[in-house]
Amino acid sequence: MATGVAGGLTRSRRRFPRGAAVTLVLLLLAVVLVPLFARLDQQLVDLHAASLPPSLRHPFGTDEVGRDVLLRAVYGLRVSVLVGLAAAVVSVTIGTLAGLAAGAAGGTLDRLIMRIVDGFNSVPHLLFGIFIVALFTPSTTAVVVSVALTHWMTAARIVRSEVLTLRARPFVDAAISGGSRRLRIVRRHFLPHLIPHIMLAAVLMIPHAIWHETALSFLGLGLPAHLASLGNMINDGARSLLAGNWWASLFPGLFIFLPTLAISALAQYWRDRSNPRWRSELQL
Amino acid sequence: MTRALGRMAAWRLAFTAPLLLVVTLGMFVLAKASPFDPVRQYLGDRALTTSPEIARQIRANWGLDRPLAEQYLTWLGNLLRGDLGESRSMHRPVAEVIGERLGWTLLAAGCAMVVMLAASLVLGSLAAWRRDSWADRLISGTAYANEAAPVFWTALIVIWIFAVRLRWLPPGGLTDAASGTVEPADVLRHMILPVAVLAFSQSSWLVLFVRESLITTLREDFVIGARARGLRERTVVVRHALRSALLPFITLLGARVPELVTGAILVETVFSWPGVASASVQAALAADFPLLAALTLLATLAVVAGNLLADTAYVIADPRVRVLGVS
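Residues numbered from 1 in each chain as written. Chains lettered and ligands numbered in written order. Predicted model: local features only at pLDDT ≥ 70, side-chain atom pairs only at ≥ 80, totals over all residues. Heavy atoms only, no water.

**Points about the overall build of chain B**
- Helices and strands together make up the secondary structure of chain B, namely 15 helices and two strands.
- Taking the principal axes of the C-alpha coordinates as reference, chain B spans close to 85 × 55 × 35 Å.
- For chain B, buried positions account for 46% of its 327 residues.
- Taking the contacts inside chain B whose residues are at least 6 apart along the sequence as the reference set, 70% of them involve residues at least 24 apart. (Helix = DSSP H or I, 4+ residues; strand = E, 2+ residues; numbered from the N terminus. Buried < 20%, exposed > 50% of the residue type's maximum accessible area, 1.4 Å probe, protein only. Contact = heavy atoms within 4.5 Å.)

Written as structure tokens, this is what we have:
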């Protein structure tokens, strides 16, 4: 609970962001249910219905080859969420292992790992991602690898700092006096305490990962062009933007914008009721 | 103070050399693991008609038949001597490509920084000063929304409004396609949209930072004291509160270089601005390793320079760091 002067002053402004939660739930439902019940084929090309403006039949309009933008955007969100989820899981796993190793081993290994973290942070993420994707054939794996390799550092920092505080706790001393080895302490005492932090880091990583995937796809370096990902759709739509066909690129962007906004509203609400020490680490 | 600064700079530089070494090694390893054959890439369509003998000679010319360690050391030596290699997609020396484009990027990014700073300071102060008013809601709301909107999407919306619907400004490029020369007035007209979008996309954190920071400061005793002495409201906010609220802000600015590079890559690409950032995308699309590697190194240097700037500002601004040294 928020206490103290600052908490008291801001509490009135921090009601539970109901709109954000509803938006997220609706989008998730759409992503899960629409492919099950859709009567239209998202890849269906219909040149007679090319570049139609938004109407009742096509609420988001149709693209250059007559595909329904709304339907494709739902599929695109589905691809982006899956890629974002995979990238978040991989990057948080790498970060957890690195942070655990650094925090539990200490000494030279700790310093070495933290220098590596600094090194990775010195290369702008998107450029590094571009570098990785450019040198390998465009594929989902390349995108996931590129996002994971540029985003594991946050989780590593969180886990390391958590492990460093855990090390000083009495139950760890007790475990050591009881004869526990380092690996056992890591498994039985550190990991269970770290799980909530890791989960939170993973959830907050998802919008970052989606953003990254979308940016790469938008530049033509991400997912293969035939996949309906949000970035690919915005990239496709941008070509006909100058002809006045705005719906094909601007509506898919809404599907990145809204969930990101919703997640950040929820994260902010959560931040105000949580441990202030995590805030800077999570870059909320 | 100069001693503290010198020590800090030396410490940073000592960290920079191994960092750059590791970055070059990382890039080299990735390039070697890549399934693309640079010779094939270089030849393009001609690869089908070129005899294997000639392909072998190109390979030998580039030293690709040498052991990997030797290739890496040769490349590193060339980099150190200032020879950045030949761009395989643009068929020109990398140094020439960068030299031609760097100025445009610095121009656009520099203008964007100035616009961003000025606008954020004014808007952030306004929001803090009139806290909870409709102006504050509008400003902070826009800033939060802007954080969530991908910059290339914002750029497309801006293009649609100002270039397609209103036809006020050109949608991209450096000059009009028809003109053969680079006229300052023409460039200025083409620069407005990309600079505005880059500035806008980078501004949200600063607006929110100035707002939060100023709100906290406006509650401090010395501000209440200044008000009690009957100073004008403007003097209290600008001369007393804002000054003290901005202390940590140069530090943050230096640390934002990676975000600036990311923004520049996307904005330059959307607006076809002929800078180094959009060149990195072109190099990536063509798997042009020498150009991409040089640009990545350049960006890394920019980040390191930004950190150095941040630390320097910190040393100058905070007497505690000056006396006790950088921890």
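**Some points on the UniProt feature "domain: ABC transmembrane type-1" (unreviewed entry) in chain A**
- Feature annotation in UniProt assigns "domain: ABC transmembrane type-1" (unreviewed entry) to the following positions: residues 77-267 of chain A.
- Secondary structure within residues 77-267 of chain A divides into 84% helix and 0% strand; the distance between the first and last C-alpha atoms comes to 21 Å. (UniProt positions renumbered as here; feature names shortened; annotations may be inferred.)

**Here's the deal with the UniProt feature "transmembrane region" (unreviewed entry) in chain A**
All names here are of chain A.
- Mapped onto the present numbering, the UniProt feature "transmembrane region" (unreviewed entry) falls at residues 20-38, 81-106, 126-150, 190-211 and 246-270.
- Between the C-alpha atoms that bound residues 190-211 the distance is 31 Å, and the span itself is 100% helix and 0% strand.
- When the span residues 246-270 is considered, its composition is 96% helix and 0% strand, and the gap between its end C-alpha atoms is 36 Å.

**Here we look at empty space enclosed by the protein**
Residue and element names in this part refer to chain B.
- In this structure the tally under the stated criterion is three cavities of 30 Å³ or more.
- Taken as a whole, the largest cavity spans an internal volume of roughly 60 Å³.
- Around the largest cavity, the lining residues are Thr105, Ala108, Ala109, Pro194, Val195, Leu198, Ala264, Val267, Glu268 and Trp273.
- Class assignment of the residues belonging to the lining of the largest cavity gives a composition of eight nonpolar, one polar and one charged. (1 Å grid on protein atoms, 1.4 Å probe; cavity = no way out; pocket = protein on both sides within 12 Å on 5 of 7 lines; lining within 4 Å. Points joined across faces, edges and corners; volume = space filled by probe spheres on them. Nonpolar A, V, L, I, M, F, W, Y, C, P; charged D, E, K, R; others polar.)

**Some thoughts on the interface of chain A and chain B**
- Counting from both sides, the interface comprises 41 residues of chain A and, opposite them, 47 residues of chain B.
- Together, the buried faces of chain A and chain B total about 3,900 Å²; carbon and sulfur atoms form 81% of this surface.
- Its largest share of buried area at the contact with chain B, chain A owes to Leu127(A), Phe131(A) and Leu135(A), together 17% of the area lost on that side.
- If you look at where chain A meets chain B, you find one residue pair in polar contact (both at pLDDT 80 or more). (Buried area = accessible area lost by both parts, 1.4 Å probe. Polar contact = N/O pair within 3.5 Å; in protein donor to acceptor, adjacent residues only side chain to side chain.)

**Considerations on the environment of Val182(B)**
Residue and element names in this part refer to chain B.
- Turning to its location among the elements, valine 182 is positioned in the loop between helix H7 (151-165) and helix H8 (184-218).
- Residue class for valine 182 comes out partly exposed when judged on its relative accessible area of 49%.
- Excluding residues within four positions of it along the chain, valine 182 makes contact with Trp104, Thr175 and Val187.

**Some details on the packing of helix H8 (residues 182-218) of chain A against helix H9 (residues 230-239) of chain A**
All names here are of chain A.
- At a closest axis distance of 7 Å, the pairing of H8 and H9 adopts a crossing angle of 35 degrees. Regarding H8 and H9, the two cross each other, and that crossing is right-handed. Contact with H8, carried on its side by Thr214, Ser217 and Phe218, involves Leu230, Gly231, Asn232, Ile234 and Asn235 of H9 and no other residues of that element.
- Looking at the contact of H8 with H9 residue by residue, the class counts come to three nonpolar, five polar and no charged. (Axes fitted to C-alpha atoms, helices over the stretch in contact; angles between N-to-C directions. Left-handed = near helix turned anticlockwise from the far one by under 90°.)

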